[in-house]
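Here is how the chains run, residue by residue.
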Amino acid sequence: MSCLIEVEHLHYRYPEGRAALGNLTFHLSHGERVGLIGPNGAGKTTLLLLLGGLLPDFSGSARVAGHDLQTRAGRQQVHRHLGLVFQHAEDQLLHATVFEDVAFGPLNLGLPETEVRRRVDAALASVGLDDTARDRVPFHLSAGEQRRVAIAGVVAMAPQVLLLDEPTSDLDPRGRRELVRILEGLPITRIISSHNLEFVLDTCDRVLLLDEGRLVADGPVRRVLANEPLMLRHGLEVPSCLSAAERHEATLAGPLPLPVPHVHPHPH
Ligand SMILES: Nc1ncnc2c1ncn2[C@@H]1O[C@H](COP(=O)(O)OP(=O)(O)OP(=O)(O)O)[C@@H](O)[C@H]1O
Ligand SMILES: [Mg+2]
């Protein structure tokens, strides 16, 4: 498996001065399914926006599919490889119909009309939206339906990596189960930020745990989520579906080794 995302000693500070990410280092290979967890304000959304090329002026290095996000050209290129679904799905639905919204990305790639139609049809089907949805006004859809359209919009771009920010936040239990099924049918590398830890267990193999902008654990999903002291220390809880035996074992195993942080050269 080759490296798709490489983040080294990444620091980010918002323009008004708030430090949101500090000294993050991690690598992601093709095909990995990664959950991004942490308390409110940990930096999850910031990290996804940055990987999506939307936040310039960071220090350290971040590369996606070989494109250097420090450069404007790299940030522009990254849109061809990566699909980002925002925390508030309605923020990315801008057109008059569902069809136009999903077709927008493929049209921007300069694809021929027949290919655009083919991709829109396949993307809508993959998120369980039928033909009757195509002509509806995205603004009039329920929050869960809007999220499906937003996911279809990025799936239609055929990205190599999918970034989903809190995708279950407005889904009912059935919608959540359907999203698990939809993701199972999409064999794309992904990072999913979520407070819904059972959803993370269902959809991810590896977890990054952030707190106050720092990476505090990076490891197999069950091992991180079952470590009760670690989870409590960072404002989280062990999902109730994990057994007492798993909790005991993960807690005994202790914290997970992280990449060795050497002195970072970019105090932003
Ligand atoms: N546009 C912004 N300008 C300034 N500071 C911001 C901005 N967006 C987020 N922050 C700050 O950056 C930090 C990280 O926020 P971020 O939204 O990345 O957290 P999060 O982990 O996604 O939280 P949540 O679980 O609530 O979605 C917080 O301290 C937040 O207040
Ligand atoms: Mg967030």
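We now turn to the structure provided with this report. (Residues numbered from 1 in each chain as written. Chains lettered and ligands numbered in written order. Predicted model: local features only at pLDDT ≥ 70, side-chain atom pairs only at ≥ 80, totals over all residues. Heavy atoms only, no water.)

Each helix and strand counted, the protein has 10 helices and 10 strands in total. Viewed in the frame of its principal axes, the protein has a C-alpha envelope of about 55 × 45 × 40 Å. Looking at the protein residue by residue over its 268 residues, the buried ones come to 52%. Considering only contacts within the protein whose residues lie at least 6 apart along the sequence, 64% involve residues at least 24 apart. (Helix = DSSP H or I, 4+ residues; strand = E, 2+ residues; numbered from the N terminus. Buried < 20%, exposed > 50% of the residue type's maximum accessible area, 1.4 Å probe, protein only. Contact = heavy atoms within 4.5 Å.)

Bringing the site of ligand 1 into the picture now. Not every one of the 14 residues close to ligand 1 is listed here, only the nearest: G41, K44, T45, T46 and H195. N40 is positioned with one of its side-chain polar atoms (N or O) 2.9 Å from an oxygen atom of ligand 1. G43 is positioned such that a nitrogen or oxygen atom in its backbone is 3.0 Å from an oxygen atom of ligand 1. A per-class count over the shell around ligand 1 returns 4 nonpolar, 7 polar and 3 charged. (Near = heavy atom within 4 Å. Polar contact = N/O pair within 3.5 Å; in protein donor to acceptor, adjacent residues only side chain to side chain. Nonpolar A, V, L, I, M, F, W, Y, C, P; charged D, E, K, R; others polar.)

On to the pairing of strand β7 (residues 161-165). Of all 5 residues in β7, 5 are buried; the element is thus mostly enclosed. Of the two faces of β7, both are covered, the one formed by V161, L163 and D165 as well as the one formed by L162 and L164. Where strand β6 (residues 82-85) lies against β7, 4 bridges are found, and the strand directions are parallel. In the strand pairing of β7, V85 is matched with L164. Alignment of β7 against strand β8 (residues 189-193), held across 5 bridges, turns out to be parallel. Within β8, the position partnered with L162 by the bridge is R190. In this region the chain leaves β7, passes through helix α6 (residues 173-184) and returns to the parallel neighbour β8; the handedness of that crossover is right-handed. (Pairing = 2+ DSSP bridges. Right-handed = clockwise from strand over helix to strand, strands pointing away.)

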